[in-house]
Amino acid sequence: MQALVLNARDRGVRQNCRNSPLDAGVQPGACAVGSRLTVIYENHEPFRARWAGRSWRNEPPAALARARRGFHWFAAVAACLVGFLMPVEGRAQLLGPTPYLSSNDSPFVGITFSYFHLENMESGAIMVPGVTPSAGGVINPSFFTDSVDADDGAIDGFGRLGHSFFSNDGPVGIRFTFTASALGGDLPTHVGIVWTDGTNAIRFEAFDAANNSLGVVTGNHADGSFGGQTGEDRFYGIISSGGVSSILIQNGGGGIEVDHLQYGFAVVPEPAAFALSGVAVSGLAACLWRRRRRRRRKVAAGRKSSPDRR
Ligand SMILES: [Ca+2]
Ligand SMILES: [Ca+2]
Ligand SMILES: [Ca+2]
């Protein structure tokens with residue numbers, strides 16, 4: 001003798017429970033409405049119940065199959081939601097390379113930040129808080145200086161009269177590391193830098209709070225000139241809701257020159273995530289509605305045809 005415990009929320013099962021006592025091996029008194037239904041049957045023989053001249057065949061296996069289908073469906077939806085929502089937490093959006101001649105070209109323009117710093121090097125040193133470069137230093141105006149174009153007061157195709165940040169080892173590159181304690185406790189969610197001179201290929205990488213890579217952006221836009229030309233200058237950046245602990249920018253051979261290091265903290269909206277979550281929830285509701293409607297139809301059909309009078 002085998003005992004099965006079914007969830008009695010299934011309408012067909014509940015109806016049988018309500019009609020207790022049942023015979024043919026059903027445990028008397030175990031079918032209280034809203035409780036769990038205990039069904040006992042022998043050797044996997046089809047269940048058979050009878051009450052007031054009506055009988056039901058195979059109802060417990062059918063109910064069990066429905067319960068299993070419902071569980072599998074629910075598990076699939078739950079897995080889908082969990083699988084989709086979990087990556088949202090640390091989602092990162094890489095930016096660039098995009099042309100950049102002044103701070104107006106920053107993709108961060110218009111964003112409301114808790115804090116935001118942009119270092120254009122024009123004071124002759126890095127003065128913004130909470131950031132440390134791994135190599136290099138600010139260079140003064142010269143024929144070779146390649147500042148962001150507008151920093152010298154005119155967007156004219158050259159950045160010679162501005163200041164920039166230079167390191168003589170492009171392949172090693174420059175890593176800018178952020179210190180949360182110097183930034184009100186929050187690592188920046190938005191970080192960008194403008195590459196202004198060097199040789200191809202250019203490579204930008206960002207790292208999360210645990211120093212795991214958030215992704216890489218590469219570019220091939222160096223013009224091969226080293227006289228302060230700005231047409232090749234490009235913005236590289238990242239937006240990451242989990243915070244950015246450092247960025248690394250490199251290029252092939254020779255030195256590397258950058259400018260307009262910028263970073264800030266803002267709540268990162270996840271419109272795509274919310275939209276897709278809404279779609280998932282809507283799908284869930286639709287499936288529930290269709291499932292309930294199908295069940296009602298089956299129950300109605302069963303009432304008309306399957307019970308045989310005895
Ligand atoms: Ca500059
Ligand atoms: Ca200029
Ligand atoms: Ca340049």
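Computed from a predicted model, the values in this text were never measured in an experiment. (Residues numbered from 1 in each chain as written. Chains lettered and ligands numbered in written order. Predicted model: local features only at pLDDT ≥ 70, side-chain atom pairs only at ≥ 80, totals over all residues.)

Colleague: Sorry, what's going on with the overall build of the chain here?
Modeller: Across its full length, the chain carries 3 helices and 16 strands. For the chain, buried positions account for 29% of its 310 residues. Across the chain, every contact between residues at least 6 apart in sequence was considered, and the portion connecting residues at least 24 apart equals 74%. (Helix = DSSP H or I, 4+ residues; strand = E, 2+ residues; numbered from the N terminus. Buried ≥ 20, exposed ≤ 12 C-beta atoms within 10 Å, placed from the backbone. Contact = placed C-beta atoms within 7 Å.)

Colleague: So what exactly am I meant to see when it comes to unusual backbone geometry here?
Modeller: For residues that are not glycine, phi is negative in most cases, and the peptide bond is trans in most cases. A cis amide bond links Gly96 with the next residue in sequence, Pro97, at an omega value of -5°. Among the secondary structure elements, Pro97 is positioned in strand 5 (residues 92-99). Looking along the chain, the bond that leaves Asn200 and enters Ala201 is cis, with omega of -5°. The topology assignment puts Ala201 in the loop between strand 11 (190-197) and strand 12 (202-207). At His260, a position not held by glycine, the phi torsion is positive, near 50°. Tracing the backbone through its elements, the reader meets His260 in strand 16 (residues 256-265). For His260, a count of 26 C-beta atoms within 10 Å gives the class buried.

Colleague: Whenever I open this one, the pairing of strand 15 (residues 246-251) confuses me. Can you help?
Modeller: A regular strand carries its side chains on alternate faces of the sheet. As paired elements, strand 10 (residues 174-178) and strand 15 share 4 bridges and run antiparallel to each other. Note on strand 15: the bridge partner recorded for Thr177 is Ser246. Examined bridge by bridge, strand 12 and strand 15 share 6 bridges and lie antiparallel to one another. Bridge assignment links Phe207 to a residue of strand 15, and that residue is Ser246. (Pairing = 2+ DSSP bridges.)

Colleague: I tried to follow the pairing of strand 11 on my own but got confused; where do I start?
Modeller: When you tally the buried positions in strand 11, you get 8 out of 8 residues, the bulk of the element. Two strands pair when backbone bridges link them, and strand 11 and strand 14 (residues 234-240) are joined in this way by 6 bridges, in the antiparallel orientation. Residue pairing across strands places Gly192 opposite Gly237, the latter belonging to strand 14. Judged from the 6 bridges that link them, strand 11 and strand 16 form a sheet pairing that is antiparallel. The partner of His190 across the bridge, within strand 16, is Gly264.

Colleague: Looking at this model, I keep getting lost on the sheet that holds strand 7 (residues 131-133). Mind explaining?
Modeller: Note on sheets: strands pair through backbone hydrogen bonds, and any given pair is parallel or antiparallel. Taken together, 5 strands build an open sheet; the order of strands is 7-10-15-12-13 and the sheet is antiparallel. The outermost strands of the open sheet, each flanked by one partner alone, are strand 7 and strand 13 (213-219). On average, each strand axis in the sheet is inclined to that of its neighbour by 15°, with strand direction left out of account. (Axes fitted to C-alpha atoms, helices over the stretch in contact; angles between N-to-C directions.)

Colleague: In this structure, what is going on with the nonpolar core? I would like to understand it.
Modeller: As a rule of thumb, nonpolar side chains are buried together in soluble globular proteins. Counting 32 residues, the largest nonpolar core has Ile193, Val244, Ile247, Ile249 and Val258 as its most contacted members. Among all residues touching Val258, those that are not within four sequence positions of it are Ser164, Phe165, Ile174, Ile193, Val194, Trp195, Thr196 and Ile249. (Core = buried A, V, L, I, M, F, W, Y, C linked by C-beta atoms within 7 Å.)

Colleague: Help me out: how do you make sense of the confidence of the model for the chain in this one?
Modeller: Low pLDDT means the predicted coordinates in that region are not meant to be read closely. A residue-level look at the chain finds 58% of positions with pLDDT of 70 or above and a mean pLDDT of 77. Below a pLDDT of 50 lies the segment residues 1-61, which in the model reaches 96 contacts outside its immediate sequence neighbourhood of four places, other chains included. Ignoring residues within four places in sequence, the model shows residues 82-89, a span with pLDDT below 50, making 6 contacts including any to other chains. (pLDDT = per-residue confidence, 0-100.)

Colleague: Just to check I follow, could you spell out the environment of His221 for this structure?
Modeller: Within the secondary structure, His221 is located in the loop between strand 13 and strand 14. We classify His221 as partly exposed; it has 14 C-beta atoms within 10 Å. Residues His221 and Ala201, 20 residues apart in the sequence, show an inter-C-alpha distance of 7.9 Å.

Colleague: Quick question: what am I supposed to make of the environment of Gly96 here?
Modeller: Structurally, Gly96 can be placed in strand 5. Overall, the presence of 21 C-beta atoms within 10 Å leaves Gly96 in the buried class. The sequence separation of Gly96 and Thr218 amounts to 122 residues, and the corresponding C-alpha distance is 8.6 Å. Gly96 has contacts with Phe204, Val217, Arg234, Phe235, Tyr236 and Gly237, leaving out every residue within four places of it along the chain.

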